[in-house]
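# Per-entry structural report
In case you want the letters, here they are:
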Amino acid sequence: MAAAAKCSRLGGPLARQLLDSVDSVLFDCDGVIWRGDQVVPGAAEVINLLKRRGKRVFFLTNNSTKTRKMYAEKLTRLGFGASADEVFATAYCSAMYLKSVCGLEGKVYLIGSGAMRQELEEVGIQQVGVGPDLVSGGQADWAAVPLDPEVKAVLVGFDEHFSYMKLNKALQYLADPDCLLVGTNTDTRLPLEGGKAVPGTGCLVKAVETAAQRQAHVVGKPSRYMFDCVAAEFGLDPARSLMVGDRLDTDILLGTSCGLKTLLTLTGVSTLADAEGHRESGCPVRMAMVPDYFVDSVAELLPALQG
Amino acid sequence: MAGAAGGRGCRMIRGAQIRDVLDAAHNVLFDCDGVIWNGEAAVAGAPEVVRLLKRRGKRVFFVTNNCTRPRENYVQKFSRLGFTDVAEEEIFSSAYCSAAYLRDVAKVQGKVFVIGCPGVLKELQDAGVPVAEQGDEGPDVSVYNLPLDPDVKAVLVGYDERFTFMKLATACGYLRDAECLFLATDPDPWHPLRGGRITPGSGSLTAALETASSRKATVIGKPSRFMFECISSQFDLDPARSLMVGDRLETDVLFGANCGLATMLTLTGVSTLEDAHELQQSESPEKKDCVPDYVVESIADFLQALEE
């Protein structure tokens, strides 16, 4: 049924119908409800009205630099009423993945942020490696660096302190084929205010994968795990859930893979032309990135919610 | 010569068979690490092999992806390890060839931003190619407001123990300009160290930068053809009369195949005979190109063929 009606503009009565047909709405953050520290106009009202109408609202982000608590603080500061348990960010989801899915018993060698360290500690996992770490001395010294025998996994997230030494240590740990390699996400850029960007976690994951000649298990969108994490805690029915995002290759692909309805907003990365291009392609992989609906901005949901 | 249907032979050879292969080759190209030496130790018999090949009128070249030293350091290493009369002109490292590419092929007009080690910087200096300041010191500098030098027209990435997120972000900043060249010294994902350990290679740093910039680097080192073209431009080699001897199938042997050379795997380094047989079973043409024509245990096996 969906195939014929893909990527339609969501107007008036259709919006009302769509919102009536779902119990939960999952929002990406960057490019959807805010851009850096700037709220997308109308976004806070949309979320608050959805909740007032009895919908459950969740926030799914690939950004690994904040804990769920930090995100809740940011959401509140920007006018969205939200609590930490509504937030599913990759720092949290990676820790959950290692704990619940991998059953990790042992330490993690962490290439990532202080926020990731906190989320790991919250689930009882100790880490080594966070913070600056540079090569010093001759190769004979630094190459033979002693390893912590309790490390059973390498976790890679966004890390401004990424260095050759950290890449080297990760490689040494990964010489043990039983040591897990997990990445928070593969986004190539981390978006900043004003349209600027810095290299994203995807680059760091790629460096480690290349050196170690193996693939990481990636937790973030479009991997299913982000949705499974929400569903495990809140019992969602995918057919009655809506994914709202700005990226076809992460948000929309996740939605489609998990059987959710999908809505593309044009306030972020992907364009309408991108979506239509995928739709015309005939390629099954690309077709999965075509949203059911699109809007110029989430503010277009307001009439349906206010009426 | 191997045809498309049969693929390359992967024949283990010794004695008279080696003599036949060497007779057909006017030029012998050796990889270094794992072929003629391992770290600071020459492969037993290697210096004598090189001497004898030259005595027989063969031209001998050394083709290495190792970009950590300038050529003059390599000359010293050859001498230190007992290889007499190896001249600087016979040594082709990815650092030297990257500098040559920038100066002679790309003819870069401007500076190069380098992620690399002192060896690369020295080769660029010797080639007269200007290098941009690193610029990542100072209190006002962060990844969120990077100072970019408008004279930078190329980015070169290679093995760098001092690699940082800041360098990655800076290089990415330069590569946003589609006119800015993007070069990598070599694609090696890791290098072997003594004692069985490995260390991340240029390939892993290049992968990070390719992902950040959504661009593909032009790779100078093996298996890309450029190093052969560099040698050829100076020495006029006939591929049909040239033999490539290496220890890494996906680097040295593939390089040889890409350049139309006969290829020989020596088992004193990274790749094993099993690796070669596994590639032989593969359906993929690129994997099949990594299968050598010949295999020897060590280049010392040449001695029997040469001493007579």
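Procedures and definitions
- Residues numbered from 1 in each chain as written.
- Chains lettered and ligands numbered in written order.
- Predicted model: local features only at pLDDT ≥ 70, side-chain atom pairs only at ≥ 80, totals over all residues.
- Heavy atoms only, no water.
- UniProt positions renumbered as here; feature names shortened; annotations may be inferred.
- Helix = DSSP H or I, 4+ residues; strand = E, 2+ residues; numbered from the N terminus.
- Rg over C-alpha atoms; globule rule 2.2 N^0.38 Å.
- Buried < 20%, exposed > 50% of the residue type's maximum accessible area, 1.4 Å probe, protein only.
- Contact = heavy atoms within 4.5 Å.
- Areas by Shrake-Rupley, 256 points an atom, 1.4 Å probe, with all protein chains shown as cover.
- Lys, Arg positive; Asp, Glu negative; His and termini not counted.
- Charge placed at Lys NZ, Arg CZ, Asp CG, Glu CD.
- Core = buried A, V, L, I, M, F, W, Y, C linked by side-chain atoms within 4.5 Å.
- 1 Å grid on protein atoms, 1.4 Å probe; cavity = no way out; pocket = protein on both sides within 12 Å on 5 of 7 lines; lining within 4 Å.
- Polar contact = N/O pair within 3.5 Å; in protein donor to acceptor, adjacent residues only side chain to side chain.
- Salt bridge = Lys/Arg side-chain N within 4 Å of Asp/Glu carboxyl O.
- Nonpolar A, V, L, I, M, F, W, Y, C, P; charged D, E, K, R; others polar.
- Points joined across faces, edges and corners; volume = space filled by probe spheres on them.
- Phe/Tyr/Trp six-rings, centres within 6.5 Å; stacked < 30°, edge-to-face > 60°.
- Lys NZ or Arg CZ within 6 Å of the ring centre and 35° of its normal.

Chain B carries the name Pyridoxal phosphate phosphatase in an unreviewed UniProt entry, which gives Denticeps clupeoides as its organism. Within the UniProt record for chain B, the comment given under Sequence similarities (unreviewed entry) is "Belongs to the HAD-like hydrolase superfamily."

As annotated in an unreviewed UniProt entry, chain A carries the name Glycerol-3-phosphate phosphatase and is attributed to Denticeps clupeoides. Quoted verbatim from the Sequence similarities (unreviewed entry) heading of the UniProt record, the comment on chain A is "Belongs to the HAD-like hydrolase superfamily. CbbY/CbbZ/Gph/YieH family." Of chain A, the UniProt comment under Subunit (unreviewed entry) reads exactly: "Homodimer."

## A word on the overall build of chain A
When helices and strands are tallied, chain A shows 13 helices and 16 strands. Relative to the 2.2 N^0.38 estimate, which gives 19 Å for 307 residues, the radius of gyration of chain A is 20 Å and therefore close to what a compact globule would have. Taken along the three principal axes of its C-alpha coordinates, chain A extends 70 × 40 × 35 Å. In chain A, buried positions account for 55% of the 307 residues. For chain A, restricting intrachain contacts to residue pairs at least 6 apart in sequence, the fraction spanning at least 24 positions comes to 72%. Here chain A displays about 12100 Å² of accessible surface, and carbon together with sulfur accounts for 52% of that area. Averaging the coordinates of the 31 positive side-chain charges in chain A and doing the same for the 36 negative ones gives two points 4 Å apart.

## Topic: the nonpolar core
The biggest cluster of nonpolar side chains holds 89 residues, and the ones touching the most others in it are A:Val154, B:Leu29, B:Leu102, B:Leu168 and B:Leu209. The greatest single-element share of this core, amounting to eight residues, is contributed by helix H6 (residues 165-175) of chain B. Discounting residues that sit within four places of it in the chain, B:Leu209 has contacts with B:Ile115, B:Val155, B:Val157, B:Leu168, B:Ala171, B:Cys172, B:Leu175 and B:Phe182. Core analysis: the second largest hydrophobic core is formed by 37 residues, A:Val40, A:Ala44, A:Val57 and A:Phe59 among them.

## Considering the UniProt feature "binding site: Mg(2+)" (unreviewed entry) in chain A
Residue and element names in this part refer to chain A. With numbering matched to this structure, UniProt assigns "binding site: Mg(2+)" (unreviewed entry) to Asp28, Asp30 and Asp246. The named residues occupy 219 residues along the chain; their greatest pairwise C-alpha distance, 8.0 Å, places them in one compact cluster. The annotated residues named above include Asp28, Asp30 and Asp246 as those lining the second largest pocket. By the element assignment, aspartate 28 lies in the loop between strand S2 (24-27) and strand S3 (34-35). Overall, the relative accessible area of 6% leaves aspartate 28 in the buried class. Ignoring sequence-local partners within four residues, the contact set of aspartate 28 consists of Ile33, Leu60, Thr61, Lys221, Met243, Val244, Gly245, Asp246 and Asp251. With respect to the helices and strands, aspartate 246 occurs in the loop between strand S14 (241-245) and helix H10 (248-257). Taking the relative accessible area as the measure of exposure, aspartate 246 reaches 2% and is therefore buried. Leave out the neighbours within four places in its chain, and aspartate 246 touches Asp28, Asp30, Gly31, Val32, Asp251, Leu264, Thr265, Gly268, Val269 and Ser270.

## Side note on the UniProt feature "active site" (unreviewed entry) in chain B
Residues and elements named next belong to chain B. The residues that UniProt annotates with the feature "active site" (unreviewed entry) are Asp31 and Asp33. In this structure, the largest pocket is lined, among the annotated residues mentioned, by Asp31 and Asp33. Excluding its chain neighbours within four sequence positions, the residues that come into contact with aspartate 31 are Ile36, Val63, Thr64, Lys222, Met244, Val245, Gly246, Asp247 and Asp252. Reaching out from aspartate 31, the side chain makes a polar contact with the side chain of lysine 222 at a distance of 2.9 Å. Along the chain, aspartate 33 falls in the loop between strand S2 (27-30) and strand S3 (37-38). If we skip the residues at most four places from it in the chain, aspartate 33 touches Thr64, Asn66 and Asp247.

## Some words on the environment of B:Val143
With respect to the secondary-structure elements, B:Val143 resides in the loop between helix H5 (118-126) and strand S8 (152-157). A relative accessible area of 10% places B:Val143 in the buried class. Each C-alpha atom of the pair B:Val143 and B:Gly173 lies 9.8 Å from the other, and the pair is 30 residues apart in sequence. When neighbours within four sequence positions are excluded, B:Val143 is seen to be in contact with A:Glu160, A:Val198, B:Phe165, B:Met166 and B:Ala169.

## With respect to the interface of chain A and chain B
Between chain A and chain B, the residue contacts involve 33 residues of the former and 27 residues of the latter. Counting across the interface, chain A meets chain B through zero salt bridges. Counting across the chain A and chain B interface gives eight residue pairs in polar contact (both at pLDDT 80 or more). When residues of the side of chain A that touches chain B are traced back to their parent elements, those giving at least two are helix H6 (139-142), helix H7 (164-173), strand S12 (197-199) and helix H8 (201-212) of chain A. Per element, the largest residue contribution to the side of chain A that touches chain B is seven residues, and it comes from H8(A). Across the side of chain A that touches chain B, the residue classes tally to 20 nonpolar, eight polar and five charged.

## Points about the layout of surface pockets
The gaps left among the atoms become clear once a water-sized probe is rolled over them. Empty space within the largest pocket amounts to approximately 1100 Å³. In this structure, the largest pocket is lined by 42 residues; those nearest its centre are A:Gln139, B:Asp33, B:Asn66, B:Pro192 and B:Leu193. In terms of residue count, the dominant contributor to the lining of the largest pocket is strand S10 (residues 190-192) of chain B (three residues). Its residues assigned to classes, the lining of the largest pocket comprises 14 nonpolar, 14 polar and 14 charged. Estimates place the volume of the second largest pocket at around 600 Å³. In terms of lining residues, the second largest pocket is bounded by 33 residues, among which A:Asp30, A:Arg189, A:Leu190, A:Pro191 and A:Val269 are the most central. Mapped onto the lining of the second largest pocket, the elements with two or more residues apiece are S3, strand S11 (189-191) and H10 of chain A.

## Brief notes about the packing of aromatic side chains
For the coordinates displayed, the defined rule picks out 25 aromatic pairs over all chains. A centroid spacing of 6.1 Å and a plane angle of 65° characterise the contact between A:Phe88 and A:Tyr92, whose relative ring orientation is edge-to-face. Here A:Tyr92 falls in the buried class, since its relative accessible area comes to 9%. Seen in terms of ring centroids, B:Phe92 and B:Phe235 are 6.4 Å apart; in terms of plane orientation they differ by 80°. Their pairing is edge-to-face. Taken together, the residues B:Phe92 in strand S6 (residues 91-93) and B:Phe235 in helix H8 (residues 226-235) connect sequence positions 143 residues apart. The exposure class assigned to B:Phe92 is buried, which follows from its relative accessible area of 0%. Here B:Phe235 falls in the partly exposed class, since its relative accessible area comes to 23%. Each residue in the set B:Phe30, B:Trp37, B:Phe62, B:Tyr74, B:Phe78, B:Phe83 and B:Phe302 is aromatic and connected to the rest through ring pairs, giving one cluster. Between the NZ or CZ atom of B:Lys77 and the centre of the ring of B:Trp37, over which it lies, the distance is 4.3 Å.

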